[in-house]
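Okay, here's what each chain looks like letter by letter:
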Amino acid sequence: MASPRFSNPPDEQIREILTHSRTLAGLSTRPERASHYVSTSLKHAGYRIIPVNPAHDEVLGERCYPRLAEIPEKVDMVIVFRRPEFVEPVVDEAIGLGVPAVWMQVGVRHQDAARKAQEAGLQVVMDRCAWVDYQRLFGRRM
């Protein structure tokens, strides 16, 4: 019997995730990508963005870490901008670190990883844009 498909939480839970997740790990380092704009916009909205990318030392004025496990402070949410085939290891690391939430950006879908994170007690949003949802639910304020 196939596992049930993951479905995103309702708006009130998404609002709660965005309200309580102030320190976010993950960032597209390529300025020409929409995902970089998302990170920059969230930073301007008051979120702390901690870049995670082994190829960079600093992005958006923040120290960049090669892996989630190397971030020396508490992370409230991991934003995944990676292709779907790279999602599961990121989710596994987030689960192992006890990160409360994982947000897979638009186009990032991984049913098994989403279910695994949810079963481990993490809040999960998949194939949605955090910046679009932030604007929709809060306007530009918070």
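Reference entry: report on the structure contained in this document. (Residues numbered from 1 in each chain as written. Predicted model: local features only at pLDDT ≥ 70, side-chain atom pairs only at ≥ 80, totals over all residues. Heavy atoms only, no water.)

**Some remarks on the overall build of the protein**
Across its full length, the protein carries 5 helices and 7 strands. Expressed as a percentage of the 142 residues in the protein, the buried residues total 47%. Considering only intrachain contacts with a sequence separation of at least 6, the fraction spanning at least 24 residues in the protein is 57%. Across the protein, the mean location of the 19 positive side-chain charges is 4 Å away from that of the 18 negative side-chain charges. (Helix = DSSP H or I, 4+ residues; strand = E, 2+ residues; numbered from the N terminus. Buried < 20%, exposed > 50% of the residue type's maximum accessible area, 1.4 Å probe, protein only. Contact = heavy atoms within 4.5 Å. Lys, Arg positive; Asp, Glu negative; His and termini not counted. Charge placed at Lys NZ, Arg CZ, Asp CG, Glu CD.)

**Topic: the sheet that holds strand S7 (residues 123-125)**
The strand order S2-S1-S5-S6-S7 describes an open sheet built from 5 strands, whose pairing is parallel. Strands at the two margins of the open sheet, each flanked by one partner only, are strand S2 (48-50) and S7. The mean angle between the axes of side-by-side strands here comes to 20 degrees, regardless of whether they run parallel or antiparallel. Pairing geometry for strand S1 (residues 23-25) and S2, over 3 bridges, is parallel. Looking at the pairing, Thr23 lines up with Arg48 of S2. (Pairing = 2+ DSSP bridges. Axes fitted to C-alpha atoms, helices over the stretch in contact; angles between N-to-C directions.)

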